[in-house]
Amino acid sequence: MLDDSYIQITLEIAKKGKGKVSPTPLVGALLVKHDKIIGAAYRSSPDEISTELLALKNSKENPEGATLYTNLEPCTLSTDKQDCIDTIIKSKIKKIVIGTLNPQPEHNGQAVKKLRKAGLEVKTGLLEKECIDINKFYFKYCTKSLPYVTLKMAITIDGKIADSSGNSKWLTSVESRSLVHELRSEYDAVMVGFNSVKIDNPELTVRLVEGRNPKRIILDTNLQLSTNSNLFKKNSDKNLIILTSVKNKNKKRKIEIYKKKDIEIIFVPEQRNGKIDLSKALSILAERKIISILVEGGSKVFTSFIKQKLEDEVLIFLSPKILGNGLPLCSNLGIKSLSKAINYTIKEVDKIGDDALIKFVRR
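Just so it is clear, the structure is predicted and the values come from calculations on it, not from any experiment.

Thresholds applied
- Residues numbered from 1 in each chain as written.
- Predicted model: local features only at pLDDT ≥ 70, side-chain atom pairs only at ≥ 80, totals over all residues.
- Heavy atoms only, no water.
- Helix = DSSP H or I, 4+ residues; strand = E, 2+ residues; numbered from the N terminus.
- Rg over C-alpha atoms; globule rule 2.2 N^0.38 Å.
- Buried < 20%, exposed > 50% of the residue type's maximum accessible area, 1.4 Å probe, protein only.
- Contact = heavy atoms within 4.5 Å.
- Areas by Shrake-Rupley, 256 points an atom, 1.4 Å probe, with all protein chains shown as cover.
- Phe/Tyr/Trp six-rings, centres within 6.5 Å; stacked < 30°, edge-to-face > 60°.
- Salt bridge = Lys/Arg side-chain N within 4 Å of Asp/Glu carboxyl O.

Student: Could you clarify how one ought to interpret the overall build of the protein in this entry?
Tutor: A count of helical and extended segments in the protein gives 12 helices and 16 strands. A compact globule built from 363 residues should have a C-alpha radius of gyration of about 21 Å, and the protein, at 23 Å, falls within 12% of that. Dimensions of the protein along its principal axes, counting C-alpha atoms only, are 65 × 45 × 40 Å. With 363 residues in all, the protein has 49% of them scored as buried. A separation of at least 24 residues holds for 71% of the contacts in the protein among residues at least 6 apart in sequence. As presented, the protein carries roughly 18100 Å² of accessible surface, and 49% of it is formed by carbon and sulfur atoms.

Following this line, the structure appears as structure tokens:
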């Protein structure tokens, strides 16, 4: 097999760690000798030892003379137990093939230098685009100290996210809803605005597929979340976060009620328009090692993210329905002519049940 083919396998096994390893990256590793895989591993938790060391540990044969494949450059920091690069060198493998370099400044290219200095053949940059994409959350976090933000929208053909009364159940197919639950399990957090909570009373958990529940983040500028809401009542995992204005610090009684229910309250400065400063909020969330956020609505929240250019990608579940009247996907962006429209590139299109799923990124 070609080196590219083995790197592709590392990517496939690395995906087994989705939703389990944040804030560390998804990593797969293979040990190959005489065109036979003799060892393999993937990262399954953030506290696990180096995936490359696991592959060596799992080897069915003596690794001497073998080739090690990994989608991401190994780190150069020593753990309490052993130094990853030194252990790789001592294993006497002859070659290491790396999909892409580690984006962290303290790691970037350092492992490659150390391995080459020790006399190993090192090959880098194989399927690099794919290797970066599988760890897009990690790369954004390492390079910009911000979480990766995906806007998830469900709309009709005529661009409505709900009917005139605000009802959006069930706009899309069962298959689309299952995929959304799968996405939730892969992101660190889901985020919605207070109006969406008030109208839909969502749980924002993973129920239709197997997987962990994300943190639930509510943009609640005026600290109005009802104690009767599902989010309030079903916080046994202590994963509910409220982002609210600093002006609400004096609401001592309400804050105490929330804290007794193990709800984390983060006070964020306001912008001139009286809304929470989303850019600052994202920085605060990144400090808490939340490196990926799936924003699920509603219209005002989508508008704020788009207006401030804070989204990394947009996922639109397009339902084959027409409402005519209803709530629009986005409200006023201050754009008055087609020439000033925000332009996106279509990255992927898939059919999910009766719906179309379209992935967009800004041009």
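Student: For this particular structure, what's the right way to read the environment of leucine 294?
Tutor: As for its placement among the helices and strands, leucine 294 is situated in strand E12 (residues 292-295). For the pair leucine 294 and leucine 54, spaced 240 residues apart in the sequence, the C-alpha separation amounts to 31 Å. When neighbours within four sequence positions are excluded, leucine 294 is seen to be in contact with Thr150, Lys152, Leu183, Arg184, Tyr187, Ala189, Val190 and Met191.

Student: Please explain helix H12 (residues 299-307) as it appears in this structure.
Tutor: H12 sits mainly inside the fold: 7 of its 9 residues count as buried. Restricting attention to buried positions, one finds in H12 the residues Ser299, Val301, Phe302, Thr303, Ser304, Phe305 and Ile306. Just downstream of H12 lies lysine 309, where phi reads positive at about 55°.

Student: When you look at the packing of aromatic side chains in this model, what are you seeing that I'm missing?
Tutor: Between two aromatic rings, the relevant description is the distance of the centres plus the angle of the planes. Counted under the stated rule, the structure contains 6 aromatic pairs. Between phenylalanine 137 and tyrosine 187, the ring centres sit 4.8 Å apart and the planes meet at 50°, which makes this aromatic pair tilted. Pair noted here: phenylalanine 137 is in helix H6 (residues 136-144) and tyrosine 187 is in the loop between helix H7 (174-186) and strand E8 (189-193), with a separation of 50 residues, a long-range link. By relative accessible area, which is 17% here, phenylalanine 137 ends up buried. Here tyrosine 187 falls in the buried class, since its relative accessible area comes to 2%. Judged by centre distance (6.3 Å) and plane angle (80°), the rings of tyrosine 344 and phenylalanine 360 are edge-to-face. Of the two residues, tyrosine 344 sits in strand E15 (residues 344-352) while phenylalanine 360 sits in strand E16 (residues 355-362), which places them 16 residues apart along the sequence.

Student: Is there a simple way to think about the pattern of salt bridges in this case?
Tutor: Side-chain pairs of opposite charge can arise whenever the charged atoms involved come near each other. Overall, the coordinates contain 17 salt bridges when judged by the stated rule. The residue glutamate 61 makes a salt bridge to lysine 36 at a minimum N-O spacing of 2.7 Å. Taken together, the residues span a long stretch of sequence, with glutamate 61 in the loop between helix H2 (51-57) and strand E3 (67-72) and lysine 36 in strand E2 (residues 36-42) at a distance of 25 residues. Looking at lysine 36, the relative accessible area reads 45%, which means it is partly exposed. Note that aspartate 188 and arginine 212 form a salt bridge whose closest N and O atoms lie 3.5 Å from each other. Taken as a pair, aspartate 188 in the loop between H7 and E8 and arginine 212 in the loop between helix H8 (194-200) and strand E9 (215-219) lie far apart in primary sequence, 24 residues in all. Its relative accessible area of 8% is what places aspartate 188 among the buried residues. Several salt bridges converge on common partners, so that one network encompasses Asp3, Lys95 and Lys123.

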